[in-house]
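Structure assessment
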Amino acid sequence: MDFNVKKLASDAGVFFTRAVQYTEEKLGQAEKTELDAHLENLIARADCTKNWTEKIFRQTEVLLQPNPSARIEEFFYEKLDKKLPTRTTNAELLGQYMQDAAKDFGPGTPYGSTLITVGEYQKRLGGAERELLQTSAINFLTPLRNFLEGDWKTISRERKLLENRRLDLDVCKARLKKAKLAEAKAALWSEEVDKAEQELRLAQTEFDRQAEVTRLLLEGISSTHVNHLRCLQEFVEAQAAYYAQCHKHMQDLQKELSSANGDTFPNAFATNASASGVSAGHSPLATATLPGASSPSHPHNASNALGSGTLKIEEVKPPATGTRKAKVLYDYDAADTSELSLLADELITVYTVPGMDPDWLIGERGNQKGKVPVTYLELLS
């Protein structure tokens, strides 16, 4: 018990002398032993590595899991050393909702069957996302976390110990200086000088030993950079694989949708999966004029807009799905009875029919119906 009390008193005394030395250094009343330039550079490099690693780690977590509540849940599971339950991704949940909706709408209906198809591909996208999350967590986030929670804590502990050794060294230097000043006044203080010199030598040895230990740990930051570089490359590869899978799934989905019958997917508004680079002059969606643009030139004659002319405009019926609203950008005067005159800023309903010229759509306004040029419209929905 006596030993513990003495040790406690000794530690308190050391802490007090360090605090006094530190305060006097801050006030400019005491000299401070500076670290060598190489060690200072290593410390600055380590601090920089820690700060940016922490920022990259946190932002990568946000990128992979935008939901803060989910991130907090993952944090607690990790700290409790428990396995995180499998979480359904948003894409998988959306896919399930689509397929459930199809059951209510009727899987045999055009809308229901399409919901089933799109829902399946949404689930595939969700599966690819889960694989990205798992791969990134293992190959990228875990090494960064190990550095912050392992290596960096060790470095910080040794740096703190080095700072204490430096304070002890400077305390001994100050004590020796005072002893020499007293010796100059009275020879009786020679023993104090010898004691102070001995303490200084011991403090210098401890400081040098700790500086070497700290230097070796800080030089290991270079190995950390090499390791993080490899992890970063694996993260990029995981992202590339994920986006490639997503692109393939969407291409396959487009092919399935485009291969469906024309009644389910009207050709004016379905995107051809193999013609994503089609020229604007042959696409009603691409040629719709943007607001504020100058009035387009009068389109070519619409006599063949409905093919060979065997189909009369009054016989055209709107499809069950595929109609859209459009805003008229410019006034247009019908060239014949098969066309519909337009007034700027009015809203009309438009759709297409099989075999129709892509530069034209069927427009309806109340009981009036006729062909309208795509370039005079802004498609809204």
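1. Quick word on the overall build of the protein chain
Within the protein chain, the secondary structure is distributed over 8 helices and 5 strands. Its helices and strands taken in sequence order, the protein chain reads α-α-α-α-α-α-α-α-β-β-β-β-β from the N to the C terminus. Residues classed as buried in the protein chain amount to 33% of the 381 residues present. A separation of at least 24 residues holds for 69% of the contacts in the protein chain among residues at least 6 apart in sequence. Split by element, the accessible area of the protein chain, about 23600 Å² in all, is 56% carbon and sulfur.

2. Observations regarding the nonpolar core
Counting 36 residues, the largest nonpolar core has Leu 35, Leu 39, Leu 162 and Leu 218 as the members making the most contacts within it. Of all elements in the fold, only helix 2 (37-64), helix 5 (110-185), helix 6 (190-219) and helix 7 (221-258) reach the threshold of two or more residues within this core. At 15 residues, the largest contribution of residues to this core is made by helix 5. Setting aside residues up to four positions removed in sequence, Leu 35 forms contacts with Glu 40, Ile 43, Leu 162 and Phe 207.

3. Quick look at the side chain of Thr 53
Looking at the element boundaries, Thr 53 is found in helix 2. Classification of Thr 53 by relative accessible area gives buried; the value is 7%. A distance of 2.6 Å separates a polar atom in the side chain of Thr 53 from the backbone oxygen of Thr 49. Residues contacting Thr 53, with those up to four places away along its chain left out, are Leu 144, Phe 147, Leu 148 and His 228.

4. Overview of the packing of aromatic side chains
Using the criterion set out here, one finds 6 aromatic pairs in the structure. With a centroid separation of 6.3 Å and an interplanar angle of 50°, the aromatic rings of Phe 147 and Trp 152 are classed as tilted. Here Phe 147 and Trp 152 have matching classes, each one buried. Taken together, the ring pairs in this structure connect Tyr 330, Tyr 332 and Tyr 376 into an aromatic cluster.

5. Quick notes on the pairing of strand 2 (residues 347-351)
Here strand 2 lies mainly inside the structure; 4 of its 5 residues are buried. Bridging between strand 1 (residues 324-328) and strand 2 involves 4 bridges; their strand directions are antiparallel. Of the residues in strand 2, the one forming a bridge with Arg 324 is Val 350. Pairing of strand 2 with strand 3 (residues 360-365), which is carried by 3 bridges, proceeds in the antiparallel orientation. Its bridge partner lying in strand 3, Thr 349 is registered against Glu 364.

6. Structural notes on the pairing of strand 4 (residues 368-373)
Two faces make up the sheet, and in a regular strand the side chains alternate between them. Of the strand pairs in this sheet, strand 3 and strand 4 are connected by 6 bridges, and their pairing is antiparallel. Paired with Glu 364 across the bridge in strand 4 is Lys 369. Remark: 2 residues form the turn of the hairpin made by strand 3 and strand 4, two consecutive strands paired antiparallel; Gly 366 in that turn has positive phi of roughly 65°.

7. Observations concerning the packing of helix 6 against helix 7
Helix 7 packs onto helix 6 with a crossing angle of 20° between their chain directions and a minimal axis gap of 4 Å. In this view, helix 6 runs roughly parallel relative to helix 7, as classed from their interaxial angle. Across the interface between the two elements, Leu 217, Leu 218 and Glu 219 from helix 6 touch Ile 221, Ser 222 and Ser 223 from helix 7. Tallied by class, the residues present in the contact of helix 6 with helix 7 amount to 3 nonpolar, 2 polar and 1 charged.

Definitions and limits used
Here the residue index of a chain counts from 1 through its sequence in written order. Confidence filtering applies because this is a predicted model: local features only for residues at pLDDT of at least 70, side-chain atom pairs given and counted only at 80 or more, and all residues used for totals across whole chains, interfaces and linings. Where side-chain values are given, they derive from all heavy atoms of the structure, hydrogens and water being excluded. Only DSSP runs of H or I with at least four residues qualify as helices, and only runs of E with at least two residues qualify as strands; both kinds are numbered from the N terminus onward. Buried means the residue's accessible area, taken with a 1.4 Å probe over protein chains only, is under 20% of the maximum for its type, while exposed means over 50%, and partly exposed covers the values in between. Contact criterion: two residues are considered in contact whenever any of their non-hydrogen atoms come within 4.5 Å of each other. Accessible areas in this description were obtained via Shrake-Rupley with a 1.4 Å probe; residue shielding takes into account the shown protein chains only. Here, the term nonpolar core denotes a set of buried Ala, Val, Leu, Ile, Met, Phe, Trp, Tyr and Cys residues that are joined through side-chain atoms within 4.5 Å. Here a polar contact is recorded for every N or O atom pair within 3.5 Å, except that within protein the pair must consist of a potential hydrogen donor and a potential acceptor, and residues adjacent in sequence are included only if both atoms are side-chain atoms. Pairing of aromatic side chains requires ring centres within 6.5 Å, counting the rings of Phe and Tyr and the six-membered ring of Trp. Pairs whose planes differ by under 30 degrees are stacked, by over 60 edge-to-face, and all others tilted. Two strands are counted as paired when DSSP detects at least two bridges linking them. In this description, a line fitted to the C-alpha atoms serves as the axis of each element, helices being fitted only across the stretch in contact, and the angle between N-to-C directions of two axes falls anywhere from 0 to 180 degrees. Angles are sorted into four bins: roughly parallel if under 35 degrees, roughly antiparallel if over 145, roughly perpendicular if 65 to 115, and oblique for all others. Only Asp, Glu, Lys and Arg are considered charged, only Ala, Val, Leu, Ile, Met, Phe, Trp, Tyr, Cys and Pro nonpolar, and every remaining residue, Gly among them, polar.

So yeah, pure geometry; function would need other evidence.
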